[in-house]
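Coordinate inspection notes
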Amino acid sequence: DRFLILGLNAATTTLGAHRFTPASSDDAATLGNTMYTGLGAISVYTAAKVTGTDQVVAAANCNGTVIVRRFDNTATQITPSGGDYASITAAATHIAVEASSADNQITLCIVVAGEPRLYAFNLTTGATLSGPVVALAAVTATHVTLDRSAANAVQLLFNCADAAAEDGIQRVTFVPSTGAV
């Protein structure tokens, strides 16, 4: 029933959020919390609702390090019981994230030098379940997206260029708990 709108400041060093609830307001209220700040330039970011909750997971490339965080509906950070999710040092050009409370998983896909790499984390403890897993070799991927297709199964869809003359779309099934593709 609401939208969470992410945005960068002019210096691209702070990622903040606004909440918009169409049924009750025409305004996008600024949330008091800053989701990412003090971590360097933010070049790429994304977010997804945690299915089955009123929470959101965000991922951002902060100065060459991809950082995953979970927030409640006021954009207050929720720290996993085992500590923060593992940061990934990588020059990610595209990021996708998906999360499920029923499966207790966060799935992350980053594109580094055209290569789609998958990671999975335990939603509540922060433990790394799998990754990096190369989704498909010998392709140059752009514009990745993730969608949970079944319990413990996530579909990765991405535009790609390969040996064929035209670009295409690839689909890969990823099992977050084992890292199988």
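Residues numbered from 1 in each chain as written. Predicted model: local features only at pLDDT ≥ 70, side-chain atom pairs only at ≥ 80, totals over all residues. Heavy atoms only, no water.

1. Describing the overall build of the chain
- For the chain, the helix and strand inventory stands at zero helices and 15 strands.
- Expected size for 181 residues packed as a compact globule is a radius of gyration near 16 Å; at 16 Å, the chain falls within 12% of this value.
- Overall, the chain is about 50 × 35 × 35 Å in size when its C-alpha atoms are taken along their principal axes.
- Sequence-distant contacts in the chain: of pairs separated by 6 or more residues, those separated by 24 or more amount to 40%.
- Taken as a whole, the chain presents about 8400 Å² of accessible surface, with 52% of it coming from carbon and sulfur. (Helix = DSSP H or I, 4+ residues; strand = E, 2+ residues; numbered from the N terminus. Rg over C-alpha atoms; globule rule 2.2 N^0.38 Å. Contact = heavy atoms within 4.5 Å. Areas by Shrake-Rupley, 256 points an atom, 1.4 Å probe, with all protein chains shown as cover.)

2. Here we look at the nonpolar core
- With 21 residues, the main nonpolar core has Ile106, Leu108 and Ile110 as its most contacted residues.
- Contributions of two or more residues to this core are made by strand 4 (42-51), strand 5 (56-62), strand 6 (65-71), strand 9 (92-100), strand 10 (105-112) and strand 11 (115-122).
- Here isoleucine 106 is in contact with Val57, Val68, Tyr85, Val97, Glu98, Ala99, Tyr119, Ala120, Phe121 and Leu123, once residues within four sequence places are set aside. (Core = buried A, V, L, I, M, F, W, Y, C linked by side-chain atoms within 4.5 Å. Buried < 20%, exposed > 50% of the residue type's maximum accessible area, 1.4 Å probe, protein only.)

3. Focus on unusual backbone geometry
- Geometrically, the link from glycine 131 to proline 132 is a cis peptide bond, its omega value of 0° lying close to zero.
- Tracing the backbone shows proline 132 in strand 12 (residues 128-134).
- At alanine 75, a position not held by glycine, the phi torsion is positive, near 70°.
- Mapping alanine 75 onto the fold places it in the loop between strand 6 and strand 7 (77-78).
- Positive phi, normally seen in glycine, also occurs at histidine 143, with a value near 45°.
- By secondary structure assignment, the location of histidine 143 is in strand 13 (residues 140-150).

4. Quick look at the environment of arginine 19
- Turning to its location among the elements, arginine 19 is positioned in strand 2 (residues 14-20).
- Accessibility expressed as a relative area gives 24% for arginine 19, which makes it partly exposed.
- The spatial distance from the C-alpha of arginine 19 to the C-alpha of threonine 74 is 8.2 Å, given a sequence separation of 55 residues.

5. Quick notes on the environment of threonine 173
- By the secondary structure assignment, threonine 173 is in strand 15 (residues 168-174).
- We classify threonine 173 as partly exposed; its relative accessible area is 33%.
- Contact partners of threonine 173, with chain neighbours within four places excluded, come to Ala153, Val154, Gln155, Ala180 and Val181.

6. With respect to the sheet that holds strand 15
- The three strands lie next to each other as 13-14-15, forming an open sheet whose pairing is antiparallel. Whereas interior strands pair on both sides, the edge strands pair on one side only; in this sheet they are strand 13 and strand 15. Neighbour-to-neighbour, the strand axes of the sheet open up by a mean angle of 20°, direction not taken into account.
- As paired elements, strand 14 (residues 153-161) and strand 15 share seven bridges and run antiparallel to each other. By the bridge assignment, cysteine 160 is partnered in strand 15 with glycine 168. (Pairing = 2+ DSSP bridges. Axes fitted to C-alpha atoms, helices over the stretch in contact; angles between N-to-C directions.)

7. A look at the side chain of asparagine 61
- Mapping asparagine 61 onto the fold places it in strand 5.
- From its side chain, asparagine 61 meets the backbone nitrogen of threonine 65 in a polar contact 3.3 Å long.
- One polar contact links the side chain of asparagine 61 to the main-chain carbonyl oxygen of alanine 92, over a distance of 2.9 Å.
- Setting aside residues up to four positions removed in sequence, asparagine 61 forms contacts with Ala41, Ile42, Ser43, Val44, Val66, Ala90, Ala91, Ala92 and Ile95. (Polar contact = N/O pair within 3.5 Å; in protein donor to acceptor, adjacent residues only side chain to side chain.)

Keep in mind these numbers describe shape, not what the thing actually does.
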